[in-house]
Amino acid sequence: MSSMEKSLQGETTSDDDGDKTTDDVAVTPTSRCEEAILDKNDKLQSNEQLESEVSNQVQTHRDGDASPSSFMDTCNPSISSPSSSNKSLSSSSTSVLCLTPPLPPSVELSDVLTDTRLTLDVYQGGASALALLWSSIPEQLQRLRYLRLGSEDKHALDGALGVLHNLTELRSLAIRGNRFYDTQGNSLPGFLTTLPTSLASNSLLVHVDLSFNDISVLPSCLLSLPVLSTLLLCHNCLSELPSDIGQMSSLTYLSLTGNKLAALPACLGQLKELQTLDVSNNLLEDLPNEIGSLVDLVKLELSHNKLKRLPETMGSLHSLRELLVFSNDLRFIPSNLNELPLLKIDIRDNPLGQPLTPPPLPLSPNEAEPNIPELHLLFNQHRFTVKSVGCHVFLPGGTQLLFPPGCLQTPTTIKWAERRPKQKWVLLEEHDILLRRPLELRPHGITFLKPVEVCMAHGHRKKCNEVIVRKYDGKSWSTLPTSLRKGNVKDSIHPLERRPRLACCYVSQFSWFIVVARPVRDSYSLSPEGALFVSSVDPGVKLIFPADSTNQTRTITLQVLQVSVPEVQVLCGDPEASVSPLLCLSQTPSMQFLQPVKVQVPLPLGITGHTVDKSCLHLLHGDPTGQTWTDITSHVSLYVTHLYAIFYVTHFSWYWLWYKTQSCVSDMVRKVYQKLKLFKVQFMALQRKTDPSQVLLQCLPANEVDDRVMLLSERYDGPQPSDLCDLLEGEQFFAGFERGLHISTNRPDCVEGRLCFVFYSSLKNLKEVYISPAKGLQGTVRGEVSFYRGGIPSGVPEEVLRKRKGLESQWLATLPLRLPVLDADNKYLLEEFQLPPLNLGDPESGYLTEANLLSISLQIGQDWRMIGINLGISYNELDRIQYKHRDNLGALVLEMLFHWARGQKSAGPGAVSRLMEAMIESDRKDLADELEDIVSLGRLKYSQSLRRVGLDVEEQTLSESQQ
């Protein structure tokens, strides 16, 4: 056994280090694949060479993101170190063979091919290069051992499949989809449906990954591969497995997650070497008894199926260490599974112990519900009528209301409105985010005979958060049972939008509703028998309840908040500080446990059990009521393993593990925690290009500013966003115009000449107003719009209230505005970008007119910055130019080019040559060639003009000498 395999097994077998009870695809130990190759094929390189080659390339990938790390990852260029074999590629083949197309122009042969690896899945359509390479350098391709292809291009894929049977030395083959995205951000599907039968000649294949494709039948050629040990068919369309799958006797890892399997064949029990089997996210309702014959099975992943029972034969799986069966329909677990000494079981989200519920009787044809009429409302339609037959209403913005037949006896008028989220009554809990404006449905007092479904549209996608709907009864907010689903494309406001994401709930009365994102809450039912609970957000967070820790059933709630370590380092001023995820624990009823509960949390980022200085490790206990943090490191037994910290508690609260080289003060932790609840915000003030008197004011979270500016750049012009500032969710602030700029004070959101805003991070906080110069001002009017805090909620951290810039302590940002001069018709004169007359160079060494420069500037585009750097323009000057013309690429390019050209007036001859060299260095040889043509034509015309006036000295001297 290799040293790498020992280290891998050492980490996964230690109970203290924590077992990976997660819905991830498990890690396929590369060393096992290595041993399979060495045992069954003596033509491979030595054990030491192969282990050195892959020792730095083992990593774990999630199902929905990528496949497990095994031989497939040895081809990943992002993690592979440059090999000396790159140098072995002949320089002649590199220079002669052109890969453009199908690969981008900047890609050379050495970028994708070494002696043993060919990586083509990082370029869309790159698979088409395989046939080109085989026709050009077949002798090099015959040495390939690792090949990665993308399957998003059907034509390129078909050409590549015809070459595979020639690559007889292949050990690893990956043909995967979902690597690239379309213009709407949707991942492109893979088009692979099967493999050619000729692939059976690739008898040395050990690893095959065909994930994210359209395979509905297992390719028969895979059954003939004698040493295949790792097979990944994740996220395909398999509905069944062939009856002869038992022929694949060398398989040790099989992943079929994300398919449509309704049953597993009995012959699956013939795979005696199988160590990991993943059939999660399928349609399985039962398992064959023969699964108990997989005596070497270490991990079995069955989550997210429809299993109603587990076979008793699983009690003979003595090697089994992880059994994941969460999110099924299991009502009991076979008792013999509890007798397996090393087994850890994840049984979340199963109706354990609950009685069977008989299925509902099918409706007779007469009882079947009729088609419900649909009603699509516009923005100005705020009322509609619902009759006894029901109605499916689509509100602007994606929200839907489903009134079932019989919910009302008489026709009733329903009114809807989206309200401004007032801070006084929209109270958010810790770490909540408001996803859209509150929705009011009226009349409030009416009671429906059948529940009405309310589906509120939202755009939240973070997996670490869950989306819920809350209802306001006039006194307090309550959380409703919420289900999530996607609507239809036809429900979107714009035809190019994605399907709306809906948060749905059933109500019997109408009132106010909000949709909120909050950290995922894992809730468990704890019985006196004890249990193991694992966080669905971070599998490294575990709670182990011993038997008799409670004498009654309790509901345990676990929340995990991931925290940005760089942000914490900035806030506390310690560049070596690090923190674990923040752990929030609670239980109902709230009382101490009878036995200590074991809590496992990951060590802070960058810290391991071998490198940790325990004197710098602090465990903080938080009181959510008092908003205080206490260092309890000396009061608990804190045990550190290689990856985790373990401690024991008898009551639940907030827990946070800090690693701090400087002194750790609890008050500092409190300030950092409160600071993390604030949002980094930037303000914008943009003017319409066609009507500068119309101004758009907007505040956005800092990470959304660039996209928003790019979206508005065609219609708006104006100053850049302000400096970063901090705003609390729901905080009120004002925008006021000063120094000669006036707005109408008749607006309902205008208070004492200032516009009122309320900031919610996921809402569009914008105002569009008309401004005018104060009376008596003539010419271009320059003024400012300033943002100030309004009513500040209690408990804001002290650092938020500190004095910033300017004279007022509540000042947030000031942005300049400019109103152009009015003409005789009282219309604004828009100023265009102008440049002074300028010619470059001299006729002898090269000459460009201003028209030539303008023509070249139109072709530079996004390469302007690289060209500016190669022309010698400083970074500060380029930043200034970009700041000045951020939303106008044409003006930006012109200013860069003419700024350099103006500096060449006194630089002497050769300026045009320097410009051509900069174009070549910036990979714009096309522009350099165009400049050369312009200069050559200029030289020719100059020479002809000299001859016409008799000033061509060389020609005249030559003629005199001939005489």
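Placed above this text is the structure.
How each quantity is defined
Per-chain numbering applies: the sequence of each chain, read as written, is numbered from 1 onward. Given that this is a predicted model, residues contribute local features only at a pLDDT of at least 70 and side-chain atom pairs are listed and counted only at 80 or more, while totals for whole chains, interfaces and linings are drawn from all residues. For the side-chain quantities, the full set of heavy atoms in the structure was used; hydrogens and water were omitted. Numbering of helices and strands runs from the N terminus, with a helix taken as a DSSP run of H or I at least four residues long and a strand as a DSSP run of E at least two residues long. Only protein chains enter the area calculation, which uses a 1.4 Å probe; residues under 20% of their type maximum are buried, those over 50% are exposed, and those in between are partly exposed. Residue contacts follow a heavy-atom distance rule, with two residues in contact if any of their heavy atoms lie within 4.5 Å. Any two strands are treated as partners once DSSP identifies two or more bridges connecting them. When two cysteine sulfur atoms are found within 2.5 Å, that pair is recorded as a disulfide. Between the rings of Phe, Tyr and Trp (Trp by its six-membered ring), a pair exists once the centres lie within 6.5 Å; its type follows the angle of the planes, with under 30 degrees stacked, over 60 edge-to-face, and the other angles tilted. Two thresholds decide whether a charge sits over a ring: the Lys NZ or Arg CZ must be within 6 Å of the ring centre and within 35 degrees of the ring normal. By nonpolar core is meant a set of buried Ala, Val, Leu, Ile, Met, Phe, Trp, Tyr and Cys residues that side-chain atoms within 4.5 Å join together. Whenever Lys or Arg places a side-chain nitrogen within 4 Å of a carboxyl oxygen from Asp or Glu, that contact is recorded as a salt bridge.

Q: Which residues make up the overall build of the protein chain, and what are the values?
A: Each helix and strand counted, the protein chain has 18 helices and 48 strands in total. Counting only residues that meet the buried cut, the protein chain has 49% of its 963 residues in that class. In the protein chain, of all internal contacts separated by at least 6 residues, the share reaching a separation of at least 24 is 62%.

Q: If you had to explain the pairing of strand E27 (residues 554-561) to someone new, which residues and values would you point to?
A: Every regular strand shows the same layout, with side chains that alternate between the two sheet faces. The element E27 is extensively covered by neighbouring structure, given that 7 of its 8 residues are classed as buried. In terms of strand pairing, E27 meets strand E29 (residues 582-588) through 7 bridges, oriented antiparallel. In the sheet register, Thr555 faces E29, and the bridge partner there is Thr588.

Q: Run through the state of the cysteines, naming residues and quoting values.
A: All chains considered together, the criterion is met by 1 disulfide. At a sulfur-sulfur separation of 2.4 Å, the disulfide partner of Cys455 is Cys504. Taking the torsion about the S-S bond as the criterion, the Cys455 to Cys504 disulfide, at about 115 degrees, is right-handed. Here the residue Cys455 occupies a position in strand E18 (residues 447-458), and Cys504 occupies one in strand E22 (residues 501-509), the gap between them amounting to 49 residues. The buried category is assigned to Cys455, whose relative accessible area is 2%. Note on Cys504: relative accessible area 2%, which makes it buried. Looking at Cys407, it has no disulfide partner, and the nearest cysteine sulfur is the one in Cys391, 9.4 Å off.

Q: Pulling in residues and values, what's your account of the packing of aromatic side chains?
A: The geometry of an aromatic ring pair comes down to the distance between the two centres and the angle between the two planes. Summed over the entire model, instances satisfying the criterion amount to 23 aromatic pairs. Taken together, a centroid distance of 4.8 Å and an interplanar angle of 65 degrees make the contact between Phe448 and Phe510 edge-to-face. Of this pair, Phe448 sits in strand E18 while Phe510 sits in the loop between E22 and strand E23 (512-519), and the two are 62 residues apart along the sequence. Classification of Phe448 by relative accessible area gives buried; the value is 5%. With a centroid separation of 5.9 Å and an interplanar angle of 65 degrees, the aromatic rings of Phe679 and Phe759 are classed as edge-to-face. Within this pair, whereas Phe679 is found in strand E36 (residues 679-688), its partner Phe759 is found in the loop between strand E43 (754-758) and strand E44 (765-773), the two being separated by 80 residues in sequence. This pair shows no difference in class: Phe679 is buried, exactly as Phe759 is. Through successive ring pairs, a cluster of aromatic residues spans Tyr524, Phe533, Phe545, Phe593 and Phe652. Positioned above the aromatic ring of Phe593, the side-chain terminus of Arg554 is 4.4 Å from the ring centre.

Q: Explain unusual backbone geometry to me, and be specific about the residues and the numbers.
A: Of note, the amide linkage connecting Arg442 to Pro443 takes the cis form, showing an omega dihedral of 5 degrees. On the secondary structure map, Pro443 appears in the loop between strand E17 (439-442) and E18. Going from Thr588 to Pro589, the amide bond is cis rather than trans, its omega being 0 degrees. You can see Pro589 is positioned in the loop between E29 and strand E30 (597-602). Phi at Phe212 is positive, roughly 60 degrees, even though this residue is not glycine. When you line up the elements, Phe212 lands in the loop between strand E4 (207-209) and strand E5 (230-232). Its relative accessible area of 9% is what places Phe212 among the buried residues. Of note, Asp923 is a non-glycine position whose phi angle comes to about 60 degrees, a positive value. Within the secondary structure, Asp923 is located in the loop between helix H16 (911-921) and helix H17 (925-949).

Q: Please set out the nonpolar core residue by residue, giving values where relevant.
A: With 77 residues, the main nonpolar core has Leu130 and Leu323 as its most contacted residues. Among the secondary structure elements, those contributing two or more residues to this core are helix H5 (109-112), helix H6 (129-136), strand E2 (146-150), helix H8 (154-161) and strand E3 (172-176). A per-element tally of this core places H8 first, with 4 residues. Not counting residues up to four positions away in its chain, the partners in contact with Leu323 are Leu300, Leu302, Leu310, Met314, Leu337, Leu343, Lys344, Ile345 and Asp346. If you look at the next biggest cluster of nonpolar residues, it comprises 59 residues, including Val386, Cys407, Leu741 and Phe757.

Q: Report on the pattern of salt bridges, specifying residues and quantitative values.
A: Using the criterion set out here, one finds 27 salt bridges in the structure. Here Asp286 ties to Arg309 by a salt bridge, and the two come within 3.6 Å at their closest N and O atoms. With Asp286 in the loop between strand E7 (276-278) and strand E8 (299-301) and Arg309 in the loop between E8 and strand E9 (322-324), this residue pair connects regions lying 23 residues apart in the sequence. Taking the relative accessible area as the measure of exposure, Asp286 reaches 34% and is therefore partly exposed.

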